[in-house]
There are 2 protein chains.
Amino acid sequence: AVAAPWVHAQEPRLRWRMATSWPESLEPLFGGASHFCQRVGELTGGRFEIRPYAGGELVGGLQVLDAVRSGTVETGHTASYYYTGTAQSLAFDTAVPFGMTARMQNAWLYQGGGRELMNERVFRPLGIVAFPAGNTGTQMGGWFREEVPDLAALQGLRMRIPGLGGEIMQRLGVSVQTLAAAEIYPALERGVIDATEFVGPWDDERLGFWEVAKNYYYPSWWEPGAMVSVYVNAERYDALPERYRQAITAAAAETNVRITSDYDQRNPPAVRRLRENGVRFRRFSDDIMAAAEREAYALYEELAEDDAQWREIYGEWKAFRDLQYEWFGLAEQGYARFAYGRGEVMGDG
Amino acid sequence: AVAAPWVHAQEPRLRWRMATSWPESLEPLFGGASHFCQRVGELTGGRFEIRPYAGGELVGGLQVLDAVRSGTVETGHTASYYYTGTAQSLAFDTAVPFGMTARMQNAWLYQGGGRELMNERVFRPLGIVAFPAGNTGTQMGGWFREEVPDLAALQGLRMRIPGLGGEIMQRLGVSVQTLAAAEIYPALERGVIDATEFVGPWDDERLGFWEVAKNYYYPSWWEPGAMVSVYVNAERYDALPERYRQAITAAAAETNVRITSDYDQRNPPAVRRLRENGVRFRRFSDDIMAAAEREAYALYEELAEDDAQWREIYGEWKAFRDLQYEWFGLAEQGYARFAYGRGEVMGDG
């Protein structure tokens, strides 16, 4: 009986709102956000309630950072690279072209000092604490009306691709288009654009791109592993009881592995269905990959000249990535190339 | 004040013990088990204490399943394939040769119905509830005194390799040796064995194998992703308050991603140090890989004839694995082969 008032004092009833960037139809992502909220509730005996909202319900899907920063909502689930207009380095929290895969990103953030670095240098100054909370894995390169067998075929191609990937495509001669999600399908159908990227088989199938473009290229060298994050307003986070902070930390980590697993579970049957619908899976040629990689790192060096924050994080990140590539090129890739790397010779393109 | 007695009633003070299979020196694994215990404590305001013990402290490192099953300890952290003498199907919880990588294993267990299947069919009948709680990633194939350039070189080779990997090696003509961990180094040094497998660069470096064998082969086709698990005595688990069960679930998932990240963070610098010490990294030839894969699946079919439990789980598992291989052969492998799959041509073997 003595302990009871202490327990009670430690555990305020809280009702928070989570703004997300996802429509409910993006089940792996919105489902992941919902799972996070549910788990935090379960871990706190229902005293710490967080309710998730789809993009546009509270704030626009690309306003999550601002909403959390300003305290309009206490927390969010989003992809940091939507906000590179606020700080270019936010890209490292999600994905950068020729960067890290999902496993490498986790290694960097959880055990390689990346989370501390990103929070201290990037998120805290914005009034936010961020937690890794999901990854799509390596995305697909996207939908092309015609084949693009080599680098020359990219010249003048009108492609919808945002972010750093778009900047690099532009350097390769692509005419980069900006379109909101709802505009992509009709533009591709009418031939206003020749190509678009989106996410991967499960998400893309639902948007129906396969009906109007049959060449599905891989990989997305611009998103070798796109991570999504839970944001918490820093002031609100710091005022939480320790136990609630731990609940957020553990639930975010569980959500991270859950979303990745959900994508990995949903994508393979979608691949089969797309094949049945006449989609051809084609690998980007090595000359496209090599030229894109060259332009990517040229761009990063240019950014480092003008942006001290980018320079610092890029330096740490790049050293970590290089070590990861060395290691993953051995056992992991030695296994993959034999076990399922022969797909391309049995495959389509 | 009304709520306080309820909160108190929901939250008994518990002191549990966790038997692990790890010496404290295996930092990623014992550190992961310790992290799990700490997080459960933090999530429960310190009321649910679990204390981790190294292998041999409470029970032997390979007696964890029996200790949890009998209730000698409430919980454990171990690798299920140590106990295939109890049920052959336990191998699916850890790794089987030419099976799933860490990400695929997560997809199967968290989102593909694997955890429900394994708990219902294998663990519950043993009086245990199991949670995924760590993965080494694809392991290295091991240390060879001489090069083994092809399948013929395996004939008569004396190699220390346990489990299903050992059974397959035997079918390939290897003379399989059983040695306790402490006996491996002297046997390799004196030439009593020609080769041994263990885990990967970080763990193996500490055992000093590089001093007495310079050929470090990859990948471990017998452990493409070795998972470790948290076991909880089923009767004790069912009697826990819901909130404590949630704490175990979330902390185990966090530990899963943490241990994988810890290995991924520790292995790359160990690769560099081993190279500096004259170790040559060599890839198993395709004829060895192909013959081993053939024997692996022949063995699984044989096991399915005599073991109804194996047959049921193998069927589900194999269908899931085949879908995963199809998908991972596209974007993920398409990226890897370009980005870090060229290591072998810049590399040693």
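Reading the values: rules and limits
Residues numbered from 1 in each chain as written. Chains lettered and ligands numbered in written order. Predicted model: local features only at pLDDT ≥ 70, side-chain atom pairs only at ≥ 80, totals over all residues. Heavy atoms only, no water. Phe/Tyr/Trp six-rings, centres within 6.5 Å; stacked < 30°, edge-to-face > 60°. Helix = DSSP H or I, 4+ residues; strand = E, 2+ residues; numbered from the N terminus. Buried < 20%, exposed > 50% of the residue type's maximum accessible area, 1.4 Å probe, protein only. Lys NZ or Arg CZ within 6 Å of the ring centre and 35° of its normal. Polar contact = N/O pair within 3.5 Å; in protein donor to acceptor, adjacent residues only side chain to side chain. Contact = heavy atoms within 4.5 Å. Least-squares fit on C-alpha atoms with pLDDT ≥ 70 in both. Lys, Arg positive; Asp, Glu negative; His and termini not counted. Salt bridge = Lys/Arg side-chain N within 4 Å of Asp/Glu carboxyl O. Buried area = accessible area lost by both parts, 1.4 Å probe. Nonpolar A, V, L, I, M, F, W, Y, C, P; charged D, E, K, R; others polar.

On to the packing of aromatic side chains, then. Enumeration over the complete set of coordinates arrives at 59 aromatic pairs over all chains. Their ring planes at 20° and their centres at 5.2 Å tell us that Tyr-217 of chain A and Phe-284 of chain A sit as a pair that is stacked. You can see Tyr-217 of chain A sitting in strand β9 (residues 215–218) and its partner Phe-284 of chain A sitting in the loop between β11 (280–283) and α12 (286–306), a full 67 residues away along the chain. Between Trp-143 of chain B and Tyr-216 of chain B the ring centres are 3.7 Å apart and the planes differ by 15°, which places this aromatic pair in the stacked class. In this pair, Trp-143 of chain B sits in strand β5 (residues 142–144) while Tyr-216 of chain B sits in strand β9 (residues 215–218), placing the two residues 73 residues apart along the sequence. Overall, the relative accessible area of 0% leaves Tyr-216 of chain B in the buried class. Sitting above the plane of the Tyr-325 of chain B ring, Arg-321 of chain B keeps its charged end 3.8 Å from the centroid.

For the rest of this paragraph, the subject is the side chain of Ser-89 of chain B. All names here are of chain B. Relative to the helices and strands, Ser-89 is located in the loop between β3 (75–78) and α4 (91–94). Assessed through its relative accessible area of 0%, Ser-89 is described here as buried. Polar side-chain contacts of Ser-89 include one of 3.0 Å to the side chain of Gln-309. Residues contacting Ser-89, with those up to four places away along its chain left out, are Met-118, Val-122, Gln-309, Trp-310 and Ile-313.

Let us now look at the relation of the copies chain A and chain B. With an axial shift of 0.0 Å and an RMSD of 0.0 Å, the rotation relating chain A to chain B amounts to 180°. Seen this way, the second copy is the image of the first under a two-fold rotation axis. When you check the interface residues of chain A against chain B, 100% turn up at the interface there too, and the contact is symmetric in its surfaces.

Residues and elements named next belong to chain A. Tracing the sequence through the fold places Asp-203 in helix α9 (residues 201–207). We note that Asp-203 is buried and unpaired, the nearest opposite charge coming from Arg-206 at a distance of 5.9 Å. Within the structure, the side chain of Asp-203 is placed 2.8 Å from the side chain of Tyr-263, a separation counted as a polar contact. Setting aside residues up to four positions removed in sequence, Asp-203 forms contacts with Leu-26, Pro-28, Phe-198 and Tyr-263.

For the rest of this paragraph, the subject is the interface of chain A and chain B. Interface size is often expressed as the accessible area that is lost when the parts come together. Taken residue by residue, the interface counts 81 residues in chain A and 81 residues in chain B. Carbon and sulfur atoms supply 62% of the area that chain A and chain B bury against each other, a total of about 7,400 Å² over both sides. Its largest share of buried area at the contact with chain B, chain A owes to Trp-327, Tyr-335 and Tyr-340 of chain A, together 11% of the area lost on that side. For the interface between chain A and chain B, the tally reads 10 salt bridges. A salt bridge links Glu-326 of chain A to Arg-272 of chain B, with the nearest nitrogen and oxygen atoms 2.6 Å apart. At the boundary of chain A with chain B, the tally comes to 26 residue pairs in polar contact (both at pLDDT 80 or more). When contributions to the side of chain A that touches chain B are tallied by element, the ones reaching two or more residues are α1 (3–10), α2 (27–43), α5 (102–111), α11 (242–276), β11, α12, α13 (308–328) and α14 (331–339) of chain A. With 20 residues, the top contributor of residues to the side of chain A that touches chain B is α11 of chain A. Split by residue class, the side of chain A that touches chain B holds 39 nonpolar, 22 polar and 20 charged.

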